[in-house]
Amino acid sequence: MKLFGIIGYPLGHSFSQKYFTEKFSREGLADHSYRKFELTSIDRLPALLEKEQDLCGFNVTIPYKITVMDYLDDIEAMAAEIGAVNTVRVTRINGKPCLTGFNTDAPAFRESLLENLIMLPETALVLGTGGASRSIMHTLIDLNIRAIPVSRKPVKKGYSYYDLPGEVISEAGLIVNTTPLGTAPATDTSPPIDYSFLREGQLLFDLVYNPPVTQFLKMGEEHGCQTVNGEGMFLKQAELAWKAWNTQVR
């Protein structure tokens, strides 16, 4: 049996298990399975690896995309540059797990973003400064877009939600929500920006895909913005993760 999974906390919102279970069934991979592993702390990872000897790879979601790096034996160059990992391949050498980290968020976001833009904006607001935001910031900078981080606390070369000027919101051609705000079951939440400054012509991109239309995107629609949820990015990063696992485990 070849076991794959996802670590994070909580995991009720994640579609990964459904996606990969259907993929394995569709492709006739009867000896493959996928499970959710809710870890209340990242320091529970070694015990999980000891218990699940068939684990060949796993996805990483909130809040462990940065802290999981402390447990890796190797890391791809792009993930190391970004400083965040969302995919881990597990191989075993003399029974000892060897973990290799990858970042599939950045290329998946890049592809999904370019599919939804006619022209690259000059500036973008990136809401949140966690592991996912590092992938988004890296991608935007690589595309020569000025990326401005926004967080609960003051941040270097950026703003807190509470000192974010309205004109900065209006001037941004792209606003990306990298926070979990709006994710089911807390669907009535959203990043605390002043939505009255949104305007037509802006693209609001939400990494959340459950629900498909978050409060963040609803506010964008009400102001004539183009909106994109995280489903396309999720599907792309899942296939990239499968490719990363596949290089050695199949």
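Preceding block: the structure.
Residues numbered from 1 in each chain as written. Predicted model: local features only at pLDDT ≥ 70, side-chain atom pairs only at ≥ 80, totals over all residues. Heavy atoms only, no water.

A short note on the sheet that holds strand S7 (residues 123-127)
Stage number 1. Spatial ordering of the open sheet is given by S9-S8-S7-S10-S11-S12, a layout of six strands whose pairing is parallel. In the strand order of this sheet, the two ends are held by strand S9 (159-160) and strand S12 (226-228), each with one partner.
Stage number 2. Bridge count between strand S11 (residues 203-206) and S12: three bridges; the pairing is parallel. The residue of S12 that forms the bridge with Leu-203 is Gln-226.
Stage number 3. With respect to the sheet, helix H5 (residues 131-142) is in contact with S7, strand S8 (146-151) and strand S10 (174-177), its orientation differing from that of S7 by roughly 175°. (Pairing = 2+ DSSP bridges. Helix = DSSP H or I, 4+ residues; strand = E, 2+ residues; numbered from the N terminus. Contact = heavy atoms within 4.5 Å. Axes fitted to C-alpha atoms, helices over the stretch in contact; angles between N-to-C directions.)

A look at the side chain of Glu-52
Stage number 1. Assignment of secondary structure puts Glu-52 in the loop between helix H2 (45-51) and strand S3 (55-60).
Stage number 2. Taking the relative accessible area as the measure of exposure, Glu-52 reaches 11% and is therefore buried.
Stage number 3. For Glu-52, the contacting residues outside a window of four places in its chain are Leu-3, Arg-35, Phe-37 and Arg-92. (Buried < 20%, exposed > 50% of the residue type's maximum accessible area, 1.4 Å probe, protein only.)

Some thoughts on the environment of Ile-169
Stage number 1. Along the chain, the position of Ile-169 falls in helix H6 (residues 166-171).
Stage number 2. Spatially, the C-alpha atoms of Ile-169 and Asp-194 are 8.0 Å apart, while their sequence positions differ by 25 residues.
Stage number 3. Not counting the four nearest positions on each side in its chain, Ile-169 is found in contact with Leu-125, Leu-164, Ile-175, Ile-193, Asp-194, Phe-197, Leu-198 and Gln-202.

So, the packing of aromatic side chains
Stage number 1. For the coordinates displayed, the defined rule picks out 15 aromatic pairs.
Stage number 2. Taking 5.6 Å as the distance between ring centres and 65° as the angle between the ring planes, the aromatic pair formed by Phe-4 and Trp-242 counts as edge-to-face. Of this pair, Phe-4 sits in strand S1 (residues 2-8) while Trp-242 sits in helix H8 (residues 231-249), and the two are 238 residues apart along the sequence.
Stage number 3. Judged by its relative accessible area of 0%, Phe-4 is buried.
Stage number 4. A relative accessible area of 5% means that Trp-242 is categorised as buried.
Stage number 5. Pairing Phe-20 with Tyr-34 gives two aromatic rings, centres 4.9 Å apart and planes at 10°, and the pair type is stacked. With a gap of 14 residues between them, Phe-20 in helix H1 (residues 16-26) and Tyr-34 in strand S2 (residues 32-38) connect regions that are remote in the sequence. Here Phe-20 matches Tyr-34 in class, with each residue buried.
Stage number 6. Each residue in the set Phe-4, Phe-15, Tyr-19, Phe-20, Phe-24, Tyr-34, Tyr-209, Phe-234, Trp-242 and Trp-245 is aromatic and connected to the rest through ring pairs, giving one cluster. (Phe/Tyr/Trp six-rings, centres within 6.5 Å; stacked < 30°, edge-to-face > 60°.)

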